[in-house]
Amino acid sequence: MGQSTARTEKESSVEELKNRREWWFVAEKTRSKRLDYLRKGVWKKGAIGGNYAPGIKIDLTFPQLFIDKWQEHEGEAIMLQKAHALAHVLDNIPIFITDNSQIMGYIGSAPHNIVWHWQGISMVNEEIYNEEGIIPEPEEESLEILANLNDYWGGRTAVDKLARVLDPEDAVKFMSGAIGWGTPTSAATYSTKDFDYIFKGFEAILAEVEERMEETEEKLQGNPSPEILPLYDKLPRWEAMQIVLEAGIRYAERYARLARTLAEHFESDPERREELLRIAETCERVPAKPPRNLQESLQFDHFVQVLSRYETFEGAWPHRPDYIHGPYYDKDVNQDKRLSKEEALDLVGEHLIRTHEVGIFAPKWAREGLQGITGTWVWTMGGVKPDGSDACNDMTVAYMQAARLVRVSNPTFGFRWHPKVKDEVMRECFECIRHGLGYPSMRNDPVLVANTVHWYGHPVEEARTWVHQACMSPCPTTKYGCQPMRMASATANCAKMIEYALHDGYDPVVNMQMGPKTGDPREFKDFEDLFGAWVKQMEWLRNILVRTVNLGRVKDPEFFGRPFLSAIYERAVETGTDACDPSNGDRGNAWVTGFTWVENADSLAAIKKFVYDEKKYTMDEVLDALNANWVGYEEMRLDFVKNAPKWGNDDDYVDDLMVRCLREVSRHSKENRCPSNNTWPLLPENVSGNIHYANLVGALPNGRRLGDALYDGGISPGPGLDKKGPTAVLKSCGKFDHVTDGRAFLLNQRLSPTQLSGEKGYQLWKAYMKTWADLGLDHVQFNMVDDATLRAAQKDPEKYQEVIVRVAGYSAHFVDISRKTQDNIIQRTVQGLG
Amino acid sequence: MQPGALVTEIQRFAVNDGPGFRTNVFLKGCPLSCRWCHNPETIAPYPEIYWKRRSCVQCGACLDACPRDAVNAPIHPVEAQKEESTYHKIFRERCDLCMKCVDACRYGALEIVGTELTVNEILDEVERDRPFYDNSGGGMTVSGGEPTAHPEFLAQLIEGARSRGIHICLDTNGYCQWDVLGPLVQSVDMVLYDLKHLDSARHAEMVGAGNELILENLAGILRAGKEIWLRQPIVPDYNDSWEYHVKAAEFLGQLPGRIQRIDLLPFHTWCEDKYSWLGLDWSLRAAEPMDPSMVEILAEAYQARGFAVTAGGSGFEDNAVRGGCRHAP
Amino acid sequence: MATCKDCKGFFAREDDQDRGDCVMRVTDPRQAYYKAVPVEADKDASKCSSFRKR
Ligand code: SF4
Ligand code: SF4
Ligand code: SF4
């Protein structure tokens, strides 16, 4: 409404698109030409429906270069051997500069290539050989290269080596795939990075390494004693660090050289020539020396990310780019005014694109779960500085704005909310959510800082530097706070806890005695007996996973070796150790990722109510029904689905059980210890486990059948089971302590776009968020109930039972109403869906 | 022992029925019978049965359970679910609402609508969302049906909510004697008040009664100085003309007090299913739902006279902001 | 025998004239870019399909 006179055609059509919520086209019309070109230039590396897009090829140059030098240095300390091989790759891998681009660095030899890491798991190597469509031409030649690689690496990968030291019984149970997934190795990992240290520049780190080596050599020449014996092993590690740091600098110089060549011999457009010279200057400067401006800091950052991904498969991207780059933005844009806001936004947008285009091969079962993305790269935004003051800055805003312009599905953002966040920043978060990006997820900073201190004893100033280590877990970015390796290989398929408690430790799906024998449930006198069995199964399941990861962690430096990561880890540089060596001062920060968690509370509640309280069914009947996978028991099953209490409805009966389960786990989390003698709290979330485990979890008393998808995950209620609406969900989730009852708790919520439209939408969301914070929840992320959701609800009503249509004075469950009305609602995308 | 009242639903997270996040309490029973009524299940002052055809598998268990031969024999579920099907599970005339069929149905296809709840039972549920009220200036909205049809119970409910410190909004159609309505209005924090048509004859035609009492009571509430949001359901070919709203705005402008806000609620047909679940025919079944953007134009008639107007009645519009704490979370 | 240093796409390194970058323009279905591969100046270019005589 109001004055519409002076509107240009472009503006009004953008308005129009906004009204129709066609956000992709809004972005296309509002972003710069450069960002438009770069965004459309991206080769999407995430698999769609499990398959890679046509044209995506596996990179064979990389492994060939690697293996040439690797074999030449056979017999050397693993870190050193790897450093030589990596340096050779970095010196020789083809590099490229895309038109209009300003940020350099890619993992692979061409934009449509994806790399993989053949030193990790033989099984994955074999999958590549058999994967259709991704083998580069000429195929025969490529297959031969692959076959040779497989021959050499078979039995030599990190996981092959680990398998040989695992307890054989544990190994069989672990490999059954029923109780957990992931392998504890640096070959499939992620790591926190301390940019305060890294931004000193590689030359400064090299000088430090040099100093350490001299010092050590001196000691070795001195008085022989047992103390000096370990020093012999340190020297090759430092040498390895030197080799990769120097190679990293040379890698950047190659880009500088190419940019200069292009400026001098190829480019006719004076503006682009300028840019190329700036690129050259930037790549000559970083990562050798500290960055001086925004382009240099972004470039430095990206080089570091690329280099560590040449070294290994980093499946996540722990990062806090607004905090790291904020001061450079401020200097360039606000103080020196050498960059306009628009120019800065171009760089920030390209940073997202350069990250988005990174692709690393994942085996089919893993990429099916990732649903179109390469990994779960959650960048951390907002939060506080070590002194507790607001850390949000202009870069926070720039990233949110750029995200709406380039609309990439990866990286996503997790926003560290705290009471001092300014309204304008909250509005930026809200705009991203309203634009249907699905991010940022909102994290409760005070709760998570306290949580980090509680579980691992990080000093509070250190805890305040936290980033999302993977999707959810906060990890500090300091010298001793950084975590170098993926501990989340302790990923528990928690639904097995209740399944085993009901089957005397036997797994009816993989047909194997897994957990301890906790007794025939028919003999249980009361609910307490059942609960006791559940506790024992829970402890057993956690123990076996934690044991495996602990062993993998300690053995990792021997089996894998990370020269580059070590070279950017202050504590590794200082001590001449592998970054992953737990003895160098690491504070742990381990957690057990809890897939399929809520099923436990719902199943326990159903049995408690129907078998023990109301005596409506006997345990015999329940077990018969479960053993029959509910076949022939449909009415009973529906009773269990519809009439047993379900988590997420603000119903104390089941909510109290959830709290009780969490407290048991928390107790046990303190008994389990990581190699640095720290705790192992539970972190309920799913990523994609709900689909992956569908055929591995048998029938459960919550009414689920073998093969049905499990719940969405974390502490989100079962789909369609949260009948009392969003306020009741939040209330349930607020009944336990998000500091002491676990590591973090994922909560998915659906919101309606019309509810969020306009200023009233923001006011509603803000009031909702304030309540979320008051209730002490640590996480929430929002999906939009858009046309697609409603169409899905029409097809699969059981999973969308909770979607409520609301207008003034009227509300109804969407799935209850007739097709005709549903269509009408979809057509109007509704005012105020719940 | 407190008396109970029939409640059809306690709806949490209501965001369009008064300021902030609210919990709507729908009391069953209404003296009017608006043709467009979106909650037909709230009209009859006794419990009824919903038969949700989409959930019914036609197992016949209800038939066996019924002592009065009031259940229709199963037909093929696909037939029963067809858009044009007139099949209904229960013969209303023969049914005495013993609810044996509801107990027998394992598929959730039969549902009792209207449960007797006490003041405390209602308030215990309402109170569960207190943190949301605190952050949004929200609270309880007593609605219906027509809540004033249960004056004693309503008075106790209001009293109870007041003593628990819950913000109370009374959603009324105003069809109630002033000596009953007046004290009730006095005891709540604010009123949502329906206005359907200014012309009494046209009012009677669609609503089942003239508008004299309603307009008198509106003036009474304004005189009493109570905060009031006027809700106008906009029904096509009935009260959707520009001229009508210009006149309405003029009329409202000269009432003896200020109307804080006017909510224009576009007619929709989503309640159609509720009629069919009850086994009732609906005269507006074939009517076209309104394009919500239409009411934005009508809103200008009120804006011209300085009224705050919303399309849809959100509790989060700027002009809905009130007390409570509204700072950034 | 034609070698890389006879090719238009060859750019010798300032610090070492015996080595250099082979620079090529590539247009793929999504984007256009310049690509650089390190080569020896004396590398046999007779089988190189991108060879362009200086
Ligand atoms: S018992 Fe329920 S499902 Fe079976 S026919 Fe009756 S209404 Fe339908
Ligand atoms: S309520 Fe009683 S009388 Fe009515 S249909 Fe059901 S069983 Fe028959
Ligand atoms: S006043 Fe309300 S509840 Fe009563 S009939 Fe009219 S619309 Fe329905």
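Residues numbered from 1 in each chain as written. Chains lettered and ligands numbered in written order. Predicted model: local features only at pLDDT ≥ 70, side-chain atom pairs only at ≥ 80, totals over all residues. Heavy atoms only, no water.

Thoughts on the overall build of chain B
Reasoning step 1: Scanning chain B from terminus to terminus reveals 12 helices and 11 strands.
Reasoning step 2: Whereas a compact globule of 329 residues would reach a radius of gyration of roughly 20 Å, chain B reaches 21 Å, a difference of no more than 12%.
Reasoning step 3: Taken along the three principal axes of its C-alpha coordinates, chain B extends 60 × 45 × 45 Å.
Reasoning step 4: With the model as given, the accessible surface of chain B reaches about 12800 Å², and the carbon-plus-sulfur share is 50%. (Helix = DSSP H or I, 4+ residues; strand = E, 2+ residues; numbered from the N terminus. Rg over C-alpha atoms; globule rule 2.2 N^0.38 Å. Areas by Shrake-Rupley, 256 points an atom, 1.4 Å probe, with all protein chains shown as cover.)

Details of the sheet that holds strand β4 (residues 180-181) of chain A
Residue and element names in this part refer to chain A.
Reasoning step 1: Strand order in this open sheet of 4 strands is β4-β12-β15-β16, and the pairing throughout is mixed. The open sheet has two edge strands, β4 and β16 (682-684), and neither has a second partner.
Reasoning step 2: In this sheet, strand β15 (residues 592-595) lies alongside strand β12 (residues 491-493) in parallel orientation, the contact comprising 3 bridges. Paired with Thr 491 across the two strands is Thr 593, which belongs to β15.
Reasoning step 3: Helix α23 (residues 527-559) contacts β4, β12, β15 and β16 of the sheet and is inclined by roughly 150 degrees relative to β12. (Pairing = 2+ DSSP bridges. Contact = heavy atoms within 4.5 Å. Axes fitted to C-alpha atoms, helices over the stretch in contact; angles between N-to-C directions.)

Section: the domain arrangement of chain B
All names here are of chain B.
Reasoning step 1: Looking at the assigned domains, one finds that chain B contains domain 1 (4-45 + 115-311) and domain 2 (48-113).
Reasoning step 2: Computed from C-alpha atoms alone, the centre-to-centre distance between domain 1 and domain 2 is 32 Å.
Reasoning step 3: Each partner contributes residues to the interface: domain 1 has 12 residues there, and domain 2 has 10 residues.
Reasoning step 4: For the pair domain 1 and domain 2, the two sides together bury roughly 1000 Å², of which 53% comes from carbon and sulfur.
Reasoning step 5: Taken as a group, Lys 28, Trp 277 and Leu 278 account for 52% of the area that domain 1 buries against domain 2, more than any other trio of residues on that side.
Reasoning step 6: In this assembly, domain 1 and domain 2 are joined by 1 salt bridge.
Reasoning step 7: When the shortest N-O distance is used, the salt bridge between Glu 48 and Lys 28 registers 2.5 Å.
Reasoning step 8: Where domain 1 packs against domain 2, one counts 6 residue pairs in polar contact (both at pLDDT 80 or more). (Domains from an automatic or database assignment. Buried area = accessible area lost by both parts, 1.4 Å probe. Salt bridge = Lys/Arg side-chain N within 4 Å of Asp/Glu carboxyl O. Polar contact = N/O pair within 3.5 Å; in protein donor to acceptor, adjacent residues only side chain to side chain.)

A short note on the arrangement of the chains
Reasoning step 1: With 2 pairs of chains in contact, the largest contact count belongs to chains A and B.
Reasoning step 2: Regarding chain B and chain C, which are not in contact, the minimum distance between any of their C-alpha atoms is 41 Å.

Remarks on the site of ligand 3
Reasoning step 1: Around ligand 3, the surrounding shell consists of Cys30(B), Leu32(B), Ser33(B), Cys34(B), Cys37(B), Thr42(B), Ile43(B), Gly145(B), Asn173(B) and Lys196(B).
Reasoning step 2: Residue composition of the shell around ligand 3, by class: 5 nonpolar, 4 polar and 1 charged. (Near = heavy atom within 4 Å. Nonpolar A, V, L, I, M, F, W, Y, C, P; charged D, E, K, R; others polar.)

Observations regarding the sheet that holds strand β18 (residues 779-784) of chain A
Residues and elements named next belong to chain A.
Reasoning step 1: Across the sheet, which stays open at both edges, the 5 strands sit in the order β7-β8-β9-β18-β17 with mixed pairing between neighbours. Whereas interior strands pair on both sides, the edge strands pair on one side only; in this sheet they are β7 (378-382) and β17 (748-751). In this sheet, neighbouring strand axes are inclined to one another by 30 degrees on average, regardless of whether the strands run parallel or antiparallel.
Reasoning step 2: On top of the sheet, helix α32 (residues 758-774) reaches β8 (412-417), β9 (441-444), β17 and β18; it is set at about 150 degrees to β18, its chief contact.

Concerning the pattern of salt bridges
All names here are of chain B.
Reasoning step 1: Counted by the stated rule, this structure contains 83 salt bridges over all chains.
Reasoning step 2: Asp 263 is paired through a salt bridge with Arg 231; the nearest N and O atoms lie 3.0 Å apart. Here Asp 263, found in strand β10 (residues 261-266), pairs with Arg 231, found in strand β9 (residues 227-234); they are 32 residues apart in sequence, far enough to count as distant. For the pair formed by Asp 263 and Arg 231, the shared burial category is buried. (Buried < 20%, exposed > 50% of the residue type's maximum accessible area, 1.4 Å probe, protein only.)

Here's the deal with the interface of chain C and chain A
Reasoning step 1: Across the contact, 16 residues belong to chain C and 23 residues belong to chain A.
Reasoning step 2: Roughly 1800 Å² of surface becomes buried between chain C and chain A when both sides are summed, with 54% attributable to carbon and sulfur atoms.
Reasoning step 3: Its largest share of buried area at the contact with chain A, chain C owes to Arg30(C), Gln31(C) and Tyr34(C), together 35% of the area lost on that side.
Reasoning step 4: Linking Asp21(C) and Arg257(A) is a salt bridge whose minimum nitrogen-to-oxygen distance equals 2.9 Å.

So, the packing of helix α18 (residues 394-406) of chain A against helix α19 (residues 423-434) of chain A
Residues and elements named next belong to chain A.
Reasoning step 1: Packing of α18 against α19 brings their axes to within 9 Å, and their N-to-C directions diverge by 20 degrees. Judged on the interaxial angle alone, α19 and α18 are roughly parallel. Crossing handedness for the pair α18 and α19: left-handed. On α19, the residues that touch Thr 396, Val 397, Met 400, Gln 401 and Arg 404 of α18 are Val 425, Glu 428, Cys 429, Glu 431 and Cys 432.
Reasoning step 2: Partitioning the contact of α18 with α19 into residue classes produces 5 nonpolar, 2 polar and 3 charged. (Parallel < 35°, antiparallel > 145°, perpendicular 65-115°, else oblique. Left-handed = near helix turned anticlockwise from the far one by under 90°.)

What to know about the interface of chain A and chain B
By a widely used convention, the size of an interface equals the accessible area lost when the partners come together.
Reasoning step 1: Each side of the interface is counted separately: chain A has 53 residues, and chain B has 50 residues.
Reasoning step 2: Summing the contributions of chain A and of chain B, the shared interface buries around 4900 Å²; its carbon and sulfur component is 55%.
Reasoning step 3: Here chain A is connected to chain B by 4 salt bridges.
Reasoning step 4: As a salt-bridge pair, Arg128(B) and Asp652(A) come within 3.7 Å of each other at their nearest N and O atoms.
Reasoning step 5: Where chain A touches chain B, the interface holds 8 residue pairs in polar contact (both at pLDDT 80 or more).
Reasoning step 6: Sorting the residues of the side of chain A that touches chain B by element identifies α19, α28 (634-643), α31 (726-733), α32, β19 (804-807), β20 (810-813) and α34 (819-827) of chain A as the ones contributing at least two each.
Reasoning step 7: If you tally residues by element for the side of chain A that touches chain B, the top one is α32(A), at 11 residues.
Reasoning step 8: For the side of chain A that touches chain B, the residue count by class is 23 nonpolar, 12 polar and 18 charged.

Here's the deal with a negative patch on the surface
Reasoning step 1: Taken together, the side chains of Glu132(A), Glu137(A), Glu139(A), Glu140(A), Glu141(A) and Glu144(A) present a region of like negative charge at the surface.
Reasoning step 2: Structurally, the position occupied by Glu139(A) is in helix α7 (residues 139-153). (Patch = residues over 30% accessible without salt bridge, like charges linked within 9 Å, V, L, I, M, F, W, Y side chains within 5 Å. Lys, Arg positive; Asp, Glu negative; His and termini not counted. Charge placed at Lys NZ, Arg CZ, Asp CG, Glu CD.)

Brief notes about the state of the cysteines
Here, disulfide denotes a covalent bond that connects the sulfur atoms of two cysteines.
Residues and elements named next belong to chain C.
Reasoning step 1: In total, this model carries 0 disulfides over all chains according to the counting rule given.
Reasoning step 2: Distance from the sulfur of Cys 22, which forms no disulfide, to the nearest cysteine sulfur (Cys 48) is 6.2 Å.
Reasoning step 3: Of the residues examined, Cys 22 reaches a relative accessible area of 18% and is grouped as buried. (Disulfide = S-S within 2.5 Å.)

Quick word on the environment of Thr478(A)
Residues and elements named next belong to chain A.
Reasoning step 1: Within the secondary structure, Thr 478 is located in the loop between β11 (474-475) and β12.
Reasoning step 2: Taking C-alpha positions, Thr 478 is 8.8 Å from Trp 466, a pair spaced 12 residues apart along the chain.
Reasoning step 3: Each residue touching Thr 478, except ones within four places of it in the same chain, is listed here: Asp 194, Glu 462 and Thr 465.
Reasoning step 4: For Thr 478, the side chain forms a polar contact with the side chain of Glu 462, separated by 3.0 Å.

Regarding the confidence of the model for chain C
Reasoning step 1: Chain-level statistics for chain C give a pLDDT mean of 92 and a share of 100% at 70 or above.
Reasoning step 2: As a predicted assembly, this complex carries a pTM of 0.92 together with an ipTM value of 0.97. (pLDDT = per-residue confidence, 0-100.)

What about unusual backbone geometry?
Reasoning step 1: The peptide bond linking Val286(A) to Pro287(A) adopts the cis configuration, its omega dihedral lying at 10 degrees.
Reasoning step 2: Mapped onto the secondary structure, Pro287(A) falls in the loop between α13 (270-285) and α14 (294-311).
Reasoning step 3: Cis rather than trans, the peptide bond between Tyr439(A) and Pro440(A) has omega equal to 5 degrees.
Reasoning step 4: Looking at the element boundaries, Pro440(A) is found in the loop between α19 and β9.
Reasoning step 5: A positive phi angle, near 50 degrees, is found at Lys615(A), a position not held by glycine.
Reasoning step 6: Its place among the elements puts Lys615(A) in the loop between α26 (598-613) and α27 (619-627).
Reasoning step 7: For Lys615(A), a relative accessible area of 63% gives the class exposed.
Reasoning step 8: In this structure, Met99(B) takes a positive phi of about 70 degrees despite not being glycine.
Reasoning step 9: Structurally, Met99(B) can be placed in the loop between α2 (77-81) and α3 (100-104).

Points about the environment of Ile715(A)
Residues and elements named next belong to chain A.
Reasoning step 1: Along the chain, Ile 715 falls in the loop between α30 (689-692) and α31.
Reasoning step 2: By relative accessible area, which is 0% here, Ile 715 ends up buried.
Reasoning step 3: Along the sequence, Ile 715 and Asp 786 sit 71 residues apart, while their C-alpha atoms lie 23 Å from each other.
Reasoning step 4: If sequence neighbours within four positions are ignored, Ile 715 has contacts with Val 598, Trp 647, Cys 733, Phe 736, His 738, Phe 745, Leu 746 and Leu 747.

Details of helix α8 (residues 200-207) of chain B
Residue and element names in this part refer to chain B.
Reasoning step 1: By the burial criterion, the buried members of α8 are Ser 200, His 203, Met 206 and Val 207. Taken end-on, α8 shows its buried residues confined to a sector of 135 degrees, consistent with a single buried face.
Reasoning step 2: Those residues of α8 that are buried are in contact with α9 (212-223).
Reasoning step 3: Two to three positions downstream of the cap, the backbone nitrogen of Ala 201 sits 2.9 Å from a side-chain oxygen, assigning the N-cap of α8 to Asp 199.
Reasoning step 4: At the exit of α8 stands Gly 208, carrying a positive phi of roughly 100 degrees. (Arc of directions from axis to C-beta.)

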